[in-house]
Amino acid sequence: MVTKPELLAPAGDTESLIAAVENGCDAVYLGATTLSARASAANFTPDELADAIDYAHLRGVKAYVAVNTLVKDSETDDAAALLRHLDESGADAVIVQDVGLLSMAQSLAPDLPIHASTQMTVHNSEGAGFLQDMGVKRVVLAREMTLDEIKQVRQNTGIEIEIFVHGALCISYSGQCLMSSMIGGRSGNRGVCAQPCRKRYRLRTLPGGREVKTDGEYLLSPRDLNTSRILPELIEAGIDSFKIEGRLKRPEYVACVTRIYRGLIDRYVKDPSGYFVTGDESRSLAQVFNRGFTAGYFTGNPRGELMSRRRPHNRGIPIGTVIGYEQNRLRIRLSGTLRIGDGVGITGAAGTEAEGACEDADNGGSGTTVRQMYAGGRQVDHAGSGTVVDIPLTSPDAQVRAGSIVYKTLDKPLMDSLKGSFTSPAPLRRIPVTVTAEAAVGSSLGLRIEDNDNNAVQVHSEYVIERAVSRPTTGKEIVRQLAKLGNTVFEASESNINLRIEGGGDIFIPVSQLNRVRSGAVSRLADARIVRWRRGARARNRNRYDRPAGSTGTIRVAEPRAQAAGASKRSLHTVSLAVSVSGMGGVRSAIAGGADVIYLGGERFRGVNAEAEAEAEAEAEAEAFDLETVIKYAHQSGRRIYLNTPKIANDSQMRCVADAMSGAVRFGADGVLVSNHGTFRLAEEMGLDRIVDSPLNVFNRMSLEFWTEHGAEMITLSPELTLAEIREIAKYGAVECIVHGRLTLMESEHCVVGGVLGGSGSCTAPCEAGGFELVDEKGYAFPLMMDTDCRMHLLNSSELCMLDHVPAIVRAGVSSIRIDARCFESGRARAITRLYRDALDGGSARDGQIQSTCKGITGEYTTGHYRRGVL
């Protein structure tokens with residue numbers, strides 16, 4: 001028997017909430033005005049959240065609240081108050097990214113279910129199992145997972161699985177994108193992403209800077225996800241929840257997509273062999289919003305077919321072709337129906353967007369609203385396929401020319417129809433009820449109403465039924481009046497109204513009394529449907545409109561380390577210097593430069609630094625990455641050495657990680673550096689000491705405490721923290737900061753180079769011929785590194801360098817600083833390590849200040865967020 005998945009719809013504001021519910025969702029997800037990953041949505045105040053949860057529960061819909069940003073320590077009290085409020089308001093779950101917030105929720109609201117956000121980057125069975133062990137009820141898996149990989153998680157764990165089935169895609173693994181943060185201080189991990197992936201870029205070769213011709217400039221802009229055609233395969237996989245993206249979309253979009261996916265899911269469950277998607281359904285999905293559609297990674301890597309390189313905005317559907325443009329009038333030969341009030345957008349003959357003709361109005365996408373239209377010299381309000389029409393433009397554009405494709409970006413009749421679903425006073429979604437009435441002369445009218453969820457209420461009228469003097473009230477009249485539930489959410493057919501009149505039928509009940517007792521019963525049933533979900537204070541308060549006073553509660557956090565009290569006086573010599581390297585050559589260079597700790601391995605890159613790559617290839621051929629030899633060499637040199645593990649490793653790749661960890665155990669490595677929940681769990685099972693790496697986004701002392709309590713030896717802090725924030729966190733445990741190297745701003749399953757140059761079949765691996773970089777509109781160049789699993793790593797345009805600020809970092813109380821030298825050739829790795837060694841040792845100057853500066857060693861450099869922080 002086919003199990004019907006939950007249909008989960010977005011609610012960025014109240015109208016979208018109504019649109020989602022009225023068009024058939026099983027659950028909604030929404031966010032507060034703070035700590036939500038869609039900060040630019042309207043969102044909901046605490047009181048509005050309580051009302052929204054009540055609204056959903058009354059109609060039999062679950063409400064999940066996204067509290068899915070990284071939390072600053074200064075926001076802890078606000079987060080606690082919000083979690084308490086959500087718990088008391090009866091939220092069905094909170095969606096979280098921050099493991100510190102996860103711990104807080106479990107402490108403050110142990111009955112409040114927790115869902116792991118896609119921002120946690122969960123992409124393997126071990127990671128899902130780890131969160132299940134932590135008490136998480138559901139995980140939103142990474143959008144890059146194939147259907148086979150999802151099935152493996154389903155088979156290997158008992159955790160609920162949620163996936164995205166429709167809407168916008170991120171080019172980077174969610175939770176692993178620092179690009180918006182590093183470019184402009186707007187962190188995607190904090191809900192304020194500036195969407196640099198929707199900007200123009202040029203692709204250039206390295207070395208040499210030769211520009212590569214591409215079929216569009218939006219090289220990081222994916223198409224929108226649309227799984228309507230493969231929905232049966234997703235349902236058969238046993239996935240628990242199908243999620244529609246779109247908290248930033250308008251309510252008409254929410255209404256349309258929810259309605260269609262509701263119909264598709266029900267259609268398949270009812271008749272799996274007869275599943276189909278109608279042409280109207282496909283057109284409506286495209287019309288309401290699309291950047292072009294893709295089925296994503298479910299059936300394999302779509303490579304170039306994933307991308308919308310020519311246009312990063314809503315393109316609508318083709319409606320005609322420009323055949324002339326003069327005197328501010330656009331002449332179009334239509335290929336479909338166009339009406340006054342519709343929106344149109346235009347592309348140039350070469351396929352580029354004619355943007356100036358698309359800025360007149362907000363019509364649901366980029367485009368101008370059709371306010372006047374002429375056919376055959378006569379003004380018309382609509383025209384059909386084959387008709388030549390003239391449309392006046394208020395913002396003329398010389399780029400528009402004959403041959404340009406015209407798209408309908410807004411269909412007014414469709415939008416009006418969708419708007420009616422959430423603005424009509426009469427609800428589309430109703431709750432069937434059964435009504436039982438008992439009437440007898442000399443007694444009050446008894447009324448019982450029961451729904452299908454075992455909620456039942458019973459009321460009695462204040463009015464005492466009288467014997468009829470002239471015209472009795474008939475049973476048919478009573479039934480008809482009790483069935484009039486009007487604009488309430490309830491419905492009762494006359495066949496579901498049971499009436500028993502004792503002592504004969506000559507009774508009299510005024511219509512006003514029937515209405516009063518019916519309204520009272522309906523109101524109490526509505527309260528019963530809502531109150532049952534509330535917890536704590538609100539559950540005891542039967543008045544559905546009352547709101548609790550705000551409270552913060554007490555949060556348990558770790559006590560500061562005893563030695564941290566003197567952190568500001570900490571000796572430079574007590575701070576370890578760690579260096580990440582790729583192979584034996586890097587190990588030798590790091591040790592020669594004075595490193596205390598070596599992080600060996602991780603992703604193996606190609607195509608960035610020709611000299612470093614050649615060294616790595618030579619090492620691989622000569623020594624086949626002899627782990628035993630490398631570990632022995634480090635230990636003989638008096639250094640600690642840890643195995644570095646990949647940020648992303650699906651279930652099949654986790655077998656290789658497990659083999660490497662077994663080698664680390666066998667040859668006596670000091671531990672492992674872990675970057676995802678799965679590798680952490682695997683290392684724990686193998687008995688290895690663990691250092692948590694920065695991709696796990698430790699942003700506050702609660703998260704530090706979480707990982708420390710689960711056995712982490714040390715935690716590498718998020719690169720989005722300031723020195724002041726680090727100083728506060730470092731009091732509570734051993735922390736490390738990355739101080740030098742090219743930070744990875746994105747990690748993506750999509751390889752821009754392979755998508756553009758790799759051919760239409762299997763990728764021809766053009767990255768092996770040399771390096772590449774992306775250049776933005778301001779001229780900043782971002783190197784691209786491709787690893788041996790064909791994932792793309794986009795690096796920052798400038799090298800991070802904190803050499804000038806080592807004393808300040810040490811005074812912040814850190815236990816270790818790290819250089820990422822995996823892309824450096826040996827000589828440079830040794831030299832930079834030596835500079836930081838000297839800085840930690842006090843330098844050669846009499847006043848203890850170091851002689852060399854960042855300008856002297858790296859030219860263009862950045863201090864990252866150490867001084868500026870993120871929003």
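Provided above is the structure to which this section pertains.
Read on for an overview of the structure. Worth saying up front: this structure is predicted, and the values here are computed from it rather than measured.

Basis of the calculations
Residues numbered from 1 in each chain as written. Predicted model: local features only at pLDDT ≥ 70, side-chain atom pairs only at ≥ 80, totals over all residues. Heavy atoms only, no water. Helix = DSSP H or I, 4+ residues; strand = E, 2+ residues; numbered from the N terminus. Buried < 20%, exposed > 50% of the residue type's maximum accessible area, 1.4 Å probe, protein only. Contact = heavy atoms within 4.5 Å. Areas by Shrake-Rupley, 256 points an atom, 1.4 Å probe, with all protein chains shown as cover. Disulfide = S-S within 2.5 Å. Axes fitted to C-alpha atoms, helices over the stretch in contact; angles between N-to-C directions. Parallel < 35°, antiparallel > 145°, perpendicular 65-115°, else oblique. Left-handed = near helix turned anticlockwise from the far one by under 90°. Pairing = 2+ DSSP bridges. Arc of directions from axis to C-beta.

## Overview of the overall build of the protein
Of regular secondary structure, the protein possesses 25 helices and 44 strands. Considering the protein as a whole, with its 871 residues, one finds that 58% of them fall into the buried category. The long-range fraction of contacts in the protein, counting pairs at least 24 apart against all pairs at least 6 apart in sequence, stands at 72%. Of the roughly 34,100 Å² of accessible surface on the protein, 47% is carried by carbon and sulfur atoms.

## A closer look at the state of the cysteines
In total, this model carries 1 disulfide according to the counting rule given. A disulfide-free cysteine, Cys-197 has its sulfur positioned 5.9 Å from the sulfur of Cys-193, the nearest such atom.

## Examining the packing of helix α2 (residues 46-58) against helix α3 (residues 76-89)
As a packed pair, α2 and α3 sit with axes 10 Å apart at the nearest point and diverge in direction by 25 degrees. In terms of orientation, α2 and α3 fall into the roughly parallel class. As α2 runs across α3, the sense of the crossing is right-handed. Of the residues in α3, those touching α2 at Pro-46, Asp-47, Leu-49, Ala-50, Ile-53 and Asp-54 are Leu-82, His-85, Leu-86 and Ser-89.

## Considering the sheet that holds strand β19 (residues 378-379)
Pairing between sheet strands relies on hydrogen bonds along the backbone, with the strands arranged either parallel or antiparallel. One open sheet holds the 8 strands; their spatial order is β17-β16-β22-β13-β14-β21-β18-β19, and the pairing between them is antiparallel. Edge positions in the sheet fall to β17 (368-369) and β19, since each has one partner strand and no second. Bridge analysis of strand β14 (residues 329-334) against strand β21 (residues 388-392) gives 5 bridges, and the strand direction is antiparallel. Note that in β21 the partner of Arg-333 across the bridge is Val-388.

## Quick word on helix α12 (residues 475-482)
The complete set of buried residues in α12 reads Ile-478, Val-479, Gln-481 and Leu-482. For α12, the buried positions fall inside an angular range of 165 degrees around the axis, keeping them on one side. Where α12 is buried, its residues contact β23 (431-440), β24 (444-451), β28 (497-502), β29 (507-508) and α13 (511-531).

## Brief notes about the pairing of strand β8 (residues 201-206)
Here β8 shows a clear split, with Tyr-201, Leu-203 and Thr-205 buried on one side and none of Arg-202, Arg-204 and Leu-206 buried on the other. Of the strand pairs in this sheet, β8 and strand β39 (residues 771-776) are connected by 6 bridges, and their pairing is antiparallel. In the sheet register, Tyr-201 faces β39, and the bridge partner there is Asp-776. Of the strand pairs in this sheet, β8 and strand β9 (residues 211-212) are connected by 2 bridges, and their pairing is antiparallel. Bridge pairing in β9 links Arg-204 to Glu-211. Joining the antiparallel neighbours β8 and β9 is a turn of 4 residues, in which Gly-208 adopts a positive phi near 110 degrees.

## Here we look at the environment of Ala-375
Relative to the elements of secondary structure, Ala-375 occurs in strand β18 (residues 374-375). You can call Ala-375 buried: its relative accessible area is 15%. Remark: the alpha-carbon pair of Ala-375 and Val-388, spanning 13 residues in sequence, is separated by 6.2 Å. Not counting residues up to four positions away in its chain, the partners in contact with Ala-375 are Val-380, Thr-387, Val-388 and Val-389.

## Some details on the environment of Glu-713
Counting through the fold element by element, Glu-713 comes out in strand β36 (residues 712-716). Put simply, Glu-713 and Leu-673 are 40 residues apart on the chain and 10.0 Å apart in space, counted from C-alpha to C-alpha. Other than its neighbours up to four places away in sequence, Glu-713 contacts Arg-640, Tyr-642, Asp-689, Arg-690, Ile-691 and Ala-734.

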